[in-house]
Every structure is written in C-alpha cells, then in structure tokens.
Amino acid sequence: MQRITWTAIPVLLALAPASNAQSVGYEEALRAATSDQPQVRTSELRLDARREIADAADELPDPRLRAGIQNLPVSGPAAFELGRQLPTQIQVGIEQEIPNLAKRRARFGMADADIDLAAAQLRQTRYRVRVGAGMAWISLAYAQRALTVADDALAEIEGLVPLARSAVAAGSARPAESLEIRRAVLEVEDMRTRIEADREAAQAMLSRYTALPTATATGTIPSADLDPEGLRAMLQSNPELVVALAQVRQAEARSDLARSERRPDFGVNVSYGRRDPDFGDVVSVMGSITLPIFADRRQNPRVAAADAEAAAAQSARADRLRELEAQFETDLAAWRSAYRQWQRATDELLPLAESRVDLERASFAAGRADLLDIIDAIKTLAMLRVEILQREEASVEAAANLRLTYGEYGR
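Parameters and conventions
- Chains are numbered independently. Their residues run from 1 in the order of the written sequence.
- With the structure being a predicted model, the display of local features is reserved for residues of pLDDT at least 70 and the display and counting of side-chain atom pairs for 80 or more, all residues being used for whole-chain, interface and lining totals.
- Each side-chain value is worked out from all heavy atoms of the structure, with water and hydrogens disregarded.
- UniProt positions are given in the numbering used here, feature names are shortened, and annotations may be inferred rather than shown by experiment.
- Any carboxyl oxygen of Asp or Glu within 4 Å of a side-chain nitrogen of Lys or Arg constitutes a salt bridge here.
- Here a strand is any run of E in DSSP of at least two residues, a helix any run of H or I of at least four, and the numbering for each starts at the N terminus.
- Remark: exposure states derive from per-residue accessible area (1.4 Å probe, protein chains only) relative to the maximum for the residue type, with buried under 20%, exposed over 50%, and partly exposed in between.
- Note on ring pairs: Phe, Tyr and Trp rings are taken, using the six-membered ring of Trp, and paired if centres are within 6.5 Å. Classes follow the plane angle, with under 30 degrees stacked, over 60 edge-to-face and the rest tilted.
- Over a ring means this: the NZ of a Lys or the CZ of an Arg is within 6 Å of the ring centre and within 35 degrees of the ring normal.
- Residues belong to one nonpolar core when they are buried, are Ala, Val, Leu, Ile, Met, Phe, Trp, Tyr or Cys, and are joined through side-chain atoms within 4.5 Å.
- Contacts are residue-level and defined by heavy atoms, with any inter-residue pair within 4.5 Å sufficient.
- For helices, the fitted line uses only the C-alpha atoms of the stretch in contact; every axis is such a line through C-alpha atoms, and the angle between N-to-C directions lies from 0 to 180 degrees.
- Throughout, the term roughly parallel applies to angles under 35 degrees, roughly antiparallel to angles over 145, roughly perpendicular to angles from 65 to 115, and oblique to all others.
- Note: crossing handedness is left-handed where the near helix turns anticlockwise from the far helix by less than a right angle, and right-handed where it turns clockwise.
- Gly is placed with the polar residues, together with every amino acid not listed as nonpolar (Ala, Val, Leu, Ile, Met, Phe, Trp, Tyr, Cys and Pro) or charged (Asp, Glu, Lys and Arg).
- Each polar contact in these results corresponds to two N or O atoms within 3.5 Å; when the atoms are within protein, one needs to be able to donate a hydrogen and the other to accept it, and residues that are neighboring in sequence are counted only if both atoms are side-chain atoms.
- A patch consists of residues whose relative accessible area exceeds 30% and which take part in no salt bridge; residues with like charges are grouped when within 9 Å of each other, and nonpolar side chains (Val, Leu, Ile, Met, Phe, Trp, Tyr) when within 5 Å.
- Note that accessible areas follow from Shrake-Rupley with a 1.4 Å probe, and for residues the cover is restricted to the protein chains shown.
- Under this rule, positive means Lys or Arg and negative means Asp or Glu; His and the chain ends count for nothing.
- For this purpose, a charge sits on NZ of Lys, CZ of Arg, CG of Asp or CD of Glu.

Going by an unreviewed UniProt entry, the protein chain carries the name TolC family protein and comes from Qipengyuania oceanensis. Heading Sequence similarities (unreviewed entry) of the UniProt record for the protein chain holds this comment: "Belongs to the outer membrane factor (OMF) (TC 1.B.17) family."

In structure tokens form, the structure reads like this:
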C-alpha cells in the first residue's frame, strides 16, 4: 500500500491543475490565435492608421495668412505716419501653394502603397500566429497522449508488485528483484516527468497565442498527409512574398514622388491693402512658380536614389522567393523523413515489442521466464510507444507547418 501511494503522488500533482483547464480543439486554437491576439490587433490598428491618413494624401497644403504694413516711411516729414504717402498700406492676404498634379498623384499613390503594405503585414501576422498556435496545440496534444502511455505503463508495472512480493516470500524469486522493479518504475516516472515538462511548455506556448493558460487539447489531430504539388503551386501567394511585393510598390511610389519634384509647383497670393481714404484701398493678385533649373544637383540625385531603392526592393523580392522555395523543399524533405520513420516504427518496431510482452507473459506462466523479464518488456514497450508518438508528432507537425505556412494562410 505504501508503494502504490508513493507512485500515485506525481500523478495526482499532475492532474491537480487540469481541473481548471479549458478544452480547445485544433481549429478553435487557430481561430483564437487570429481573433484574440495583440500582434494581430497591432497590425489592424496600423492598417486603420494608413487608411485614415490616405484621405488627406493628395490634399492641397494649408493656405497661409499674411498680414503687415507695406511701404511705411521711417524718415522725413511723413515718418511712421500711415496716411501721409500713397504707397503706405496695411495689407492682409491669403497665399495658397499648389503642388503640380504629378506630385499630388504620386502622394496619393504613396498613400495607397502604404495601405497595401500594412494590409500585407496584417495578413503576414495572421498567418504567423496561426502557425505558432497550430504547432503549440499539436505539441500539447501529443504530450497528453504520451502521459497516458506512461500512466498505463506505471499502472501495469504496479499491478505486478504484489506478484513479485509473493514470489520473494515463497522463495521462487530473489529479494533483489524487488529493487529491479523499483528501478523500472523510476525509469518510467522519469520519462513521465519529461513528458510533463513538455506538456507545460506546450501549454505556455499555446497561451501565448490563445490566452488560455491551462488549456487541454481535445478533438481530432490534423492529418499527417499532404498534397505537395498543390502547396508548391501556392508559393507565389505566400504572405511573405505579398509583403515583399508591397514593399516593391512602395519603393516605386517613392520613385514617382521623386520624379514629380522635377516639375514646377505653383502658388497664388490674394491680398487687400488698407490705405488712407484720400488714396483708396487696393487689391493685389500674384502668382508664383518654382523653377527646378538645377535638377542635376537637386532633383536628379533624389530620383536616382529612389530608383535604386526600387531596384533593391525588386531584388529582395526575387531573393525572398528563392529563399521560400528552398525552405519549402527543406520542410517537405523533413516531412517525408519524419513520416517514413513514424510508419516504420508503427509497422515494424511496435509489433515486435508487443509480441515480446506476450511471449514473456507466456514464458513466465510456463515457468521459463522471470518476472523481471515481463517488467522489462512492459517498460520497453511503453518507451517505444512514447517514441512512436514523438515520431507521429514530428510527422503531423511537419505536415501542419507546411499546410499553415504554404497553403492555409488565406483562411
């Protein structure tokens, strides 16, 4: 009774926090990651900000109010007297700058490119948090399964303890065998402790994306099967490339804005002059135009720099595509390797380990094997089942990562 209580303590401690756990399925975790996520909210607010500022992108600059005293004499008999001379007046006017049409269009295009980039970054953020939440959920689901395997093995070995004690009492087994049973239990419990740490780490990572601190994974685990050609065909729509394309458009918009500086801008000034009633008030209307006559030293270097930035953005997008293609093939190779190892262990190693347990039990019943042989076979089978779960997890994670990274970001 003391031994059973000793082995039950870690199980009870592990189950204690589970009473407050919240169940969450795979698809539910993906939805929660995009709907209740500060990263996503940050990107949404940035997109809203770009849309708000775009409304004023091609507006005229604010008009300028001008006021002052014009032609006031400061010497002679009329010094500092407003009404003694004809030109003296108190003048109030409005001045409006009018950028050239190409510049206004370029500013609007720049604002539109900023919106496209913010929208692409929002899409990128959503797909990244889906990947993170999906991987965390899968890790949690398999940690839970592995804990069940470890608990079953502990229970099975514990069930043999009374039999071992009876054999020792009857003299058919050595007393040292009870110590070997204790060692087998400790090995399984060590394995269970490592699995518990994996489960807690997966819960912490899942809470990073879903705000569920003590979640439990429930429901169907995603498939480990894939459609590689279908995913490869969708690479051009990957959010990483969409962001790179938006950066290209933004750089091209800057280049258009720099070119618009070569064209002259205009200005209009309307003023009213208050003079002595003997002379009468006056109205002035003036126009102005900028003269970009030193373009080689002013505008052209800016245009060249903007063109270089646009070319760099194009080159960066091409490089990102190559990088994405290489990463896809790498991830695909990792999935194939993990899938084959999982299938090999399930089809070949597991039947051998299960057969060994059955044979050891039969040999023990016939008096041709020791109890330790059964316990060792049970322990080995439990560890193999955990290893197979790890291989299955690697296959499912690789498949889910490929689907989420290269195919399901449009959801």
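1. Topic: the pattern of salt bridges
Using the criterion set out here, one finds 21 salt bridges in the structure. Between Asp307 and Arg259 there is a salt bridge, and its shortest N-O distance comes to 2.9 Å. Separated by 48 residues along the polypeptide, Asp307 in helix H9 (residues 299-365) and Arg259 in helix H8 (residues 239-260) bring together distant segments of the chain. Since its relative accessible area comes to 27%, Asp307 is described here as partly exposed. Shared partners join several salt bridges into a network, and the residues in it are Glu187, Arg356, Glu360, Asp376 and Lys379.

2. A word on the packing of aromatic side chains
For the structure on display, the rule yields four aromatic pairs. Relative to Tyr406, the ring of Phe328 has its centre 5.0 Å away and its plane inclined at 80°; by these criteria the two rings are edge-to-face. Of this pair, Phe328 sits in helix H9 while Tyr406 sits in helix H10 (residues 371-406), and the two are 78 residues apart along the sequence. The exposure classification of Phe328 matches that of Tyr406, with both residues buried. Between the aromatic rings of Tyr339 and Trp342, the centroid separation amounts to 5.6 Å while the plane-to-plane angle is 85°, which identifies the pairing as edge-to-face. Pair noted here: Tyr339 and Trp342 are both in helix H9, with a separation of three residues, about one helical turn. Three or more aromatic residues link up through ring pairs in this structure, and these residues are Trp335, Tyr339 and Trp342. Note that Arg145 overlies the ring of Tyr142, its terminal NZ or CZ placed 5.6 Å from the centroid. The ring of Tyr209 has Arg208 sitting right over it, with the charged end atom 5.3 Å from the ring centre.

3. Observations concerning the nonpolar core
For soluble globular proteins, the rule of thumb is that nonpolar side chains tend to be buried together. Among the nonpolar cores identified, the biggest contains 66 residues, and Trp137, Ile138 and Leu206 are the most heavily contacted of them. Of all elements in the fold, only helix H2 (26-35), helix H3 (38-54), helix H4 (101-159), helix H6 (176-210), strand E4 (215-217), H9 and H10 reach the threshold of two or more residues within this core. The element best represented in this core is H4, accounting for 22 residues. Sequence-distant contacts of Ile138, that is, excluding residues within four places in its chain, are made with Tyr26, Pro222, Glu393, Val396, Glu397 and Ala400.

4. A word on the packing of H9 against H10
Taken N-terminus to C-terminus, the directions of H9 and H10 make an angle of 160°; their axes are 8 Å apart at the nearest point. By the angle between their directions, the pair H9 and H10 is classed as roughly antiparallel. Between H9 and H10 lies a crossing of left-handed hand. Looking at the contact of H9 with H10, its residues break down into 25 nonpolar, six polar and ten charged.

5. Let's talk about the side chain of Gln203
By the element assignment, Gln203 lies in helix H6. For Gln203, the side chain forms a polar contact with the main-chain oxygen of Ala215, separated by 2.9 Å. Apart from residues lying up to four places away in sequence, Gln203 is in contact with Leu140, Leu212, Pro213, Thr214 and Ala215.

6. Overview of the packing of H4 against H8
Running from N to C, H4 and H8 point in directions that differ by 165°, and their axes come no closer than 8 Å. Comparing the axis directions of H4 and H8 gives the class roughly antiparallel. Handedness of the crossing formed by H4 with H8: left-handed. Looking at the contact of H4 with H8 residue by residue, the classes come out as 13 nonpolar, six polar and ten charged.

7. Let's talk about unusual backbone geometry
Even without a glycine there, the phi angle at Asn71 is positive, about 60°. Mapped onto the elements, Asn71 comes out in the loop between strand E2 (64-70) and strand E3 (89-98). The exposure class of Asn71 is partly exposed, given its relative accessible area of 44%. For Ala211, which is not glycine, the phi dihedral falls at a positive 60°.

8. Description of a negative patch on the surface
Residues Asp48, Glu52, Asp55 and Glu59 make up a contiguous surface patch of negative charge. Of note, Asp55 is situated in the loop between H3 and E2. A residue is classified by how much of its surface remains accessible, and Asp55, at 59% relative accessible area, is exposed.

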